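Spelled out, the chains give:
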Amino acid sequence: MSRVQTLKVGPDEAEQRLDRWFRRQFPHVQQGRIEKMCRKGEIRVDGARVKSNTRVGPGQEVRIPPLPTEEEVAAQPKIVHVSKADAQMIRDCVIYKDDHIIALNKPSGLAVQGGSKTSRHVDGMTAALSFDRHDTPKLVHRLDKDTSGVLVLARTPAMASALTAAFRHHGTRKMYWALVAGVPYPKIGTIKYGLVKAPGHGKGGEGEKMHCVHPREVATTEGAKRAQTDYATLCFLGQRAAWMALVPITGRTHQLRAHMAEMGHPIVGDGKYGGSGQENMGDGWGAELGAEISKKLHLHARSIEFEHPVTGKMLRIDAPLPPHMQTSWDFMGWTERDVPNDPFDADEQWGS
């Protein structure tokens, strides 16, 4: 980054628009940034505020604010164009914002990052979440494409480092809500099955999934990793379905989906782990309930809790249910008033 400098328009330079003169001096600086610096009064001509279309001529002095070098610009990720519709959509997903952090309620079906067959994703829309900042928010954790709920982004590089470390060292607590087929017994407990990745059957390994490994066999199973999930049954409908709270103590790929399927109570709509083509009649088989229950995955990142790296206060962010899950909850007759804010807190009382 350069320092503040003052340049004089040369005697051999014709009168011209300020932005065109600026681009000739600093071709690596984009038009949008020039206009923004003018709006903020960072670029001045003979000490006065100007617009990007202000005309400048020989002898005038132009104040140049600190600018990134060509190497710094080249190292920055390319800005992806965000359509007006996507920009509005992703802004409507914001459920928390301060000077350091933004949290979204990510819709089900929207990927967090791109891939070979995924061009529309949260990472490609983060420019629309810059608001009044130069920095584009950075992802610090992930959610599966079909999982909805709280997704946290950092608004500054320093915050990105702090939050990434918090996620890596288990300094955050995430709680998910899920609708599962059947009713687990016991109603509250811990699942400790390890997980090992099994390759898919496609040419490129498509369809790979996680297989559960008995805790006693994790150490002797190549590639297996220990995994732990705390669960609590919040409400249930006969033996057909249950509203579950799930807290992943470890953060393995597809951990919650694989663990619930291993218990014989797959998450509703989970075709990969629950055989969603089979209707569950309370016998622990199939992740489809029929009636008015959507076939979409019923897994939602309900809340995240962590110590704010700047304020030092505990921050909890809750995300409302996505439309397809809210419809299922309405069909079941369930509401948030029916359950405790944190069912794993022994001091919290259950609602009536």
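Residues numbered from 1 in each chain as written. Predicted model: local features only at pLDDT ≥ 70, side-chain atom pairs only at ≥ 80, totals over all residues. Heavy atoms only, no water.

Enquirer: Explain the UniProt feature "active site" (unreviewed entry) in the protein residue by residue, including any values.
Expert: Taking the UniProt record as the reference, the feature "active site" (unreviewed entry) is found at D144. Contacts of D144, omitting those with residues within four sequence positions, involve K106, H254 and R257. (UniProt positions renumbered as here; feature names shortened; annotations may be inferred. Contact = heavy atoms within 4.5 Å.)

Enquirer: Break down the packing of aromatic side chains for me, with residues and values.
Expert: If you walk through the whole model with that rule in mind, you get five aromatic pairs. Seen from their ring centres, W243 and W329 are 5.3 Å apart, and the 70° between their planes marks the pair as edge-to-face. One end of the pair, W243, is in strand 16 (residues 241–248); the other, W329, is in helix 8 (residues 323–332), with 86 residues separating them in the sequence. Classification of W243 by relative accessible area gives buried; the value is 0%. A residue is classified by how much of its surface remains accessible, and W329, at 1% relative accessible area, is buried. Every member of this aromatic cluster is reached through a ring pair, and the members are W177, W243, W329 and W334. Directly above the ring of F131 sits K97, whose terminal nitrogen or CZ lies 4.9 Å from the centroid. (Phe/Tyr/Trp six-rings, centres within 6.5 Å; stacked < 30°, edge-to-face > 60°. Helix = DSSP H or I, 4+ residues; strand = E, 2+ residues; numbered from the N terminus. Buried < 20%, exposed > 50% of the residue type's maximum accessible area, 1.4 Å probe, protein only. Lys NZ or Arg CZ within 6 Å of the ring centre and 35° of its normal.)

Enquirer: Mind laying out the packing of helix 1 (residues 18–25) against helix 2 (residues 31–39), listing which residues take part and the relevant values?
Expert: Across the interface, helix 1 lies against helix 2 with an axial gap of 11 Å and an inter-helix angle of 120°. Of the possible angle classes, the one that applies to helix 1 and helix 2 is oblique. Two packed elements cross with a definite hand, and for helix 1 against helix 2 that hand is right-handed. Contacts between helix 1 and helix 2 pair L18, D19, F22 and R23 from the former with Q31, I34, M37 and C38 from the latter. When the residues that make up the contact of helix 1 with helix 2 are grouped by side-chain class, the tally is five nonpolar, one polar and two charged. (Axes fitted to C-alpha atoms, helices over the stretch in contact; angles between N-to-C directions. Parallel < 35°, antiparallel > 145°, perpendicular 65-115°, else oblique. Left-handed = near helix turned anticlockwise from the far one by under 90°. Nonpolar A, V, L, I, M, F, W, Y, C, P; charged D, E, K, R; others polar.)

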